[in-house]
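# Residue-level structural notes
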Amino acid sequence: MTEIADKTARYVADFEAFARNGALGAPAWLRELRQGAIARFSELGFPTTKQEEWRFTSVAPIADARFTLQHAARSPLPGHADIERLCVGAGPRVVFVDGRHVPALSTPAELTGGARAGSLAAALRTGADSELTRTHLARHARWRDSAFAALNTAFLADGAFVHVPADVTLGQPLEVVFLSTGQSGSDGPIVSHPRSLIVVERGARAVVVETYAGLSDGVYWSNAVTEVAVGEGARVEVYRVQQEGPRGLQIATTHSRQERDSYLGLHVLTLGAALARHDINAVLDGPGAELILNGLYLLSGGQHADHHTVIDHAQPHCASHEFFNGVLAERAHGVFNGRIIVRPGAQRTDSKQTNNNLLLSTEARADSQPQLEIYADDVKCTHGSTVGPIDQTQLYYLRSRGLSPEAARSILTYGFGAEILDRMQHPDVRERLDRLVRARLG
Amino acid sequence: MSKSKHPLLQVKNLHATAEGREILKGVDLTVNTGEVHAIMGPNGSGKSTLAQVLAGHPAYAVTAGQVLYEGKDLLAMPPEERAREGVFLAFQYPVAIRGITNAYFLRSAVNAIRKHRGDEELGPVEFMDALDEKLKAIGWDSSYLTRPVNDGFSGGEKKRNEILQLAVLDPKLAILDETDSGLDIDALKTVARTVDKLRRPDNATVLVTHYYRILTHIEPDLVHVLAGGKIVKSGGKELALELEEKGYDWLREEAVVA
């Protein structure tokens, strides 16, 4: 207990300093929220591998170290070239460096049709947006269940704010970029708590690309939370690209809530960080909602990435299709845990989940755990997972057509990724992610 | 190379095992250029094993005998080299590969072979142009090219896909392992027509089949019966008709008596 208290106490102390300084201008509801969240964090403490949800992932590299908030702006700031390299196109973008919004690298927040994409800090200050944030912020994320989401909420200060009003269609993908410099502060390595809120109202359409990237091989911790609210009949695609630095540590949570007849495509590409944990909690909260959860993790060296997904069918007549593929080379370790909950009364649920893992070395490891919790009787739920090396029959088939073993292996490995890429609907985004995958697989 | 008929494939006393069990027990077979051979036989006689051994399937071990292809030691070549030298096996059970489009797969195969021959590799556009006619021949539109290799294909579609590969890769020695099984009559005709069109004086085809049916569309020069891991009888196309009428049992008896 004392040890846990020690580890959390540092953050509680940091929080008190934070609450005294920068956070004073915040509205009362936000100050209360933060207070509640830090209290919850210190109750929960950092998770250990003794907890079922964390049995394959040790957060010791985070819990045993000391990460501090970055107070001053970075100098020099990353340049436009760094941003261009990470963006899909030349559309609207919101850029953060070590958790701070950088207007010079971002486009103006106002978009066509009254839509907005800017900093959450600014949204919290202004009238109409402030009301919206109050309605949605921390309403979708279950921060009470997670020490990391609680800590993010306690230090909630800035991140992306995206609002697409009813019936508005965003013409171009909107890009949110969180860069980590990997530079340490005066008290050692730093932590940032990016917080994003994406609200897409009734009948609106949007494509959002979230990119998390490291700019160096320094040690840092990024503790992100994204909330996505999808209104009735809205259609949203969210792409999340994780390219943190080789010694970066990333804990992230994506929470989505969908209303009636809405569509959400949530695509995940995990490439970076020494240690990454991504929790996705998706709630289908209106009849006729459809969710595609489509993820790919490509890991090598000693990388560890853990994806925990919970799909919550809270209403009848919803469909969720989940596909996660992993390609694990060298000593990499991939973890997938996929839980599907079908609530009482959520009849006619159609849910499918697959997780396939390709092991490219004998030292690579994958743990895959599907979990179904079904409390309704008229449902269609299937799941399946595989872990294994390259299929010898496929290899032989390709060789029998003249391909060298190396070329055949490379094609089969790429196929694992391409299967996921093929489900990405936006052509420009897919093409960019395809390039990243090809570059990674060599 | 000489235009006159010469041996393309010479199988001599071939013995092969799978998981330690001997399946081929001394196969002898010579296929000359310009010829079509049919290999028939009951289930479990070793027909598919023979086809797979010729293509280089790693699950089979050759324990004795020799195979010469254009006078070269075929068994010493890895599967990809056999393919590049012009050997093609149409699989009885074509393999599905998710995530890879048929077009990409076909182009990779064509280019691997072109590169080996010293020809320039084809880009995506040139390749599609070259493919157009072959696609039409098997009655397909280009939608089959953007689908993942054999993934979600019906049995008949998989077989057609093998024949498309055959047409695109234009091998010297084509071995068709029960390509006719499970095909409806229209598909069978399409397959047979495509194979027939590829016949030239400098190439050869080996049809491994269970049924007489396909031989009414592709006329073989020689018919062999494989039983118990050996070729027990060879003859002209009339042998196929005899088998169709009498089955295989009489051959087993004949073999025992002999």
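Residues numbered from 1 in each chain as written. Chains lettered and ligands numbered in written order. Predicted model: local features only at pLDDT ≥ 70, side-chain atom pairs only at ≥ 80, totals over all residues.

### A word on the overall build of chain A
Secondary structure assignment for chain A yields ten helices and 21 strands. The globule rule puts the C-alpha radius of gyration for 442 residues at 22 Å, and the 21 Å found for chain A is close to it. The C-alpha extent of chain A, read off along each of the three principal axes, is 70 × 45 × 45 Å. In chain A, which comprises 442 residues, the proportion classed as buried is 54%. If you take every contact in chain A between residues at least 6 apart in sequence, the share linking residues at least 24 apart comes to 82%. (Helix = DSSP H or I, 4+ residues; strand = E, 2+ residues; numbered from the N terminus. Rg over C-alpha atoms; globule rule 2.2 N^0.38 Å. Buried ≥ 20, exposed ≤ 12 C-beta atoms within 10 Å, placed from the backbone. Contact = placed C-beta atoms within 7 Å.)

### Concerning the overall build of chain B
For chain B, the helix and strand inventory stands at eight helices and twelve strands. In summary, chain B has a C-alpha radius of gyration of 18 Å against a globular reference of 18 Å for 258 residues, a match within 12%. Principal-axis analysis of the C-alpha atoms places the extent of chain B at approximately 60 × 40 × 40 Å. When the 258 residues of chain B are sorted by exposure, 43% land in the buried category. Here the analysis covers contacts within chain B between residues at least 6 apart in sequence; of these, 71% occur between residues at least 24 apart.

### Description of the interface of chain B and chain A
In this complex, chain B contributes 21 residues to the contact, which on the side of chain A involves 19 residues. When contributions to the side of chain B that touches chain A are tallied by element, the ones reaching two or more residues are helix H2 (79–84), strand E7 (97–101) and helix H3 (102–117) of chain B. For the side of chain B that touches chain A, the class distribution of residues is 13 nonpolar, five polar and three charged. (Nonpolar A, V, L, I, M, F, W, Y, C, P; charged D, E, K, R; others polar.)

### A closer look at the environment of Glu201 of chain A
Residue and element names in this part refer to chain A. With respect to the helices and strands, the residue Glu201 is situated in the loop between strand E8 (195–200) and strand E9 (205–214). For Glu201, a count of 21 C-beta atoms within 10 Å puts it in the buried group. Measuring from C-alpha to C-alpha, the distance between Glu201 and Val164 comes to 6.0 Å, with 37 residues separating the pair along the chain. Setting aside residues no more than four positions away along its own chain, Glu201 makes contact with Val164, Pro165, Ala166, Gly231 and Ala234.

### Let's talk about the sheet that holds strand E15 (residues 290–299) of chain A
All names here are of chain A. Here ten strands make up an open sheet; going across it, the order is E3-E2-E6-E9-E11-E13-E15-E17-E19-E21 and the pairing mixed. With one partner strand each, in any of the chains shown, strand E3 (100–101) and strand E21 (380–388) form the two edges of the open sheet. Bridge count between E9 and strand E11 (residues 235–243): nine bridges; the pairing is parallel. By the bridge assignment, Arg205 is partnered in E11 with Arg235. The sheet contacts of helix H9 (residues 405–421) involve E15, strand E17 (319–328) and strand E19 (350–359), and relative to E17 the element is tilted by about 155°. Along the sheet, helix H10 (residues 427–441) contacts E9, E11, strand E13 (263–270) and E15; its crossing angle with E15, the most-contacted strand, is approximately 25°. (Pairing = 2+ DSSP bridges. Axes fitted to C-alpha atoms, helices over the stretch in contact; angles between N-to-C directions.)

### Some points on helix H4 (residues 124–137) of chain B
All names here are of chain B. Here H4 contains 14 residues, and its C-alpha end-to-end distance of 20 Å stays within 8% of the 20 Å for a straight helix at 1.5 Å per residue. Of all bends in H4, the biggest is about 35°, found at Leu131. The buried count for H4 comes to one of 14 residues, which makes it a mostly uncovered element. Gly139 occupies a position one or two residues after H4 and carries a positive phi of about 75°. (Expected span 1.5 Å × (residues − 1). Bend = angle between axes of the 7 residues up to and from the residue.)

### Remarks on the packing of helix H2 (residues 28–44) of chain A against helix H7 (residues 147–154) of chain A
Residues and elements named next belong to chain A. Orientation of H2 relative to H7, taken along the N-to-C sense of each, is 150°, at an axis distance of 7 Å. One finds that H2 runs roughly antiparallel with respect to H7. Pair H2 / H7 crosses with left-handed handedness. Facing H2, whose interface residues are Leu33, Arg34, Ala37, Ile38, Arg40, Phe41 and Leu44, H7 presents Ala147, Ala150, Leu151, Thr153 and Ala154. (Parallel < 35°, antiparallel > 145°, perpendicular 65-115°, else oblique. Left-handed = near helix turned anticlockwise from the far one by under 90°.)

### As for the sheet that holds strand E1 (residues 7–18) of chain B
Residues and elements named next belong to chain B. Across the sheet, which stays open at both edges, the four strands sit in the order E2-E1-E4-E5 with antiparallel pairing between neighbours. With one partner strand each, in any of the chains shown, strand E2 (21–32) and strand E5 (72–73) form the two edges of the open sheet. The sheet contact formed by E1 and E2 spans nine bridges and is antiparallel. Following the sheet pairing, Leu14 is matched in E2 by Val27.

### Section: the nonpolar core
In terms of nonpolar packing, the biggest core is built from 194 residues, with Val200 of chain A together with Leu54, Phe88 and Ile175 of chain B touching the most fellow members. What Leu54 of chain B contacts, discounting residues up to four positions off in sequence, is Val67, Leu74, Val87, Leu89 and Ile175 of chain B. (Core = buried A, V, L, I, M, F, W, Y, C linked by C-beta atoms within 7 Å.)

### A closer look at the environment of Ala76 of chain B
The residue Ala76 of chain B is located in the loop between E5 and H2 in this model. Linking Ala76 of chain B and Gly56 of chain B, residues 20 residues apart in sequence, is a C-alpha distance of 9.4 Å.

### What to know about the packing of H4 of chain B against helix H5 (residues 155–169) of chain B
Each pair of packed helices gets described by two things: the angle between the helix axes and the distance between those axes. Residues and elements named next belong to chain B. H5 packs onto H4 with a crossing angle of 140° between their chain directions and a minimal axis gap of 10 Å. Classified by the angle their axes make, H4 and H5 are oblique. Classified by chirality, the crossing of H5 by H4 is right-handed. Seen from H4, the contacting residues are Leu131, Lys134, Leu135 and Ala137; seen from H5, they are Leu164, Ala167 and Val168. For the contact of H4 with H5, the per-class residue count stands at six nonpolar, no polar and one charged.

### Examining the pairing of strand E3 (residues 36–40) of chain B
Looking along a regular strand, one sees side chains alternate from face to face of the sheet. Residues and elements named next belong to chain B. The buried count for E3 comes to five of five residues, which makes it a mostly enclosed element. Here E3 pairs with strand E11 (residues 222–227) via four bridges, running parallel. Residue pairing in the sheet places Met40 in a bridge with Val225 of E11.

### What about unusual backbone geometry?
Its identity is not glycine, yet Asp167 of chain A carries a phi of approximately 65°, on the positive side. Along the chain, Asp167 of chain A turns up in the loop between strand E5 (160–164) and strand E6 (174–180). A positive phi angle, near 50°, is found at Glu19 of chain B, a position not held by glycine. If you trace the backbone, Glu19 of chain B turns up in the loop between E1 and E2.

### Points about the pairing of strand E18 (residues 333–342) of chain A
All names here are of chain A. Among the ten residues in E18, eight count as buried, and that is most of the element. Note: strand E16 (residues 304–313) against E18, ten bridges, orientation parallel. Note on E18: the bridge partner recorded for Asp306 is Val335. Pairing geometry for E18 and strand E20 (residues 365–374), over ten bridges, is parallel. Each residue of the ladder has a partner; that of Val335, found in E20, is Asp367.

### Section: the environment of Pro246 of chain A
Residue and element names in this part refer to chain A. Turning to its location among the elements, Pro246 is positioned in the loop between E11 and strand E12 (248–258). C-alpha of Pro246 to C-alpha of Gly302: the two residues are 56 residues apart in sequence and 9.6 Å apart in space. Leaving out residues up to four positions away in the same chain, Pro246 has contacts with Asp217 and Ala274.

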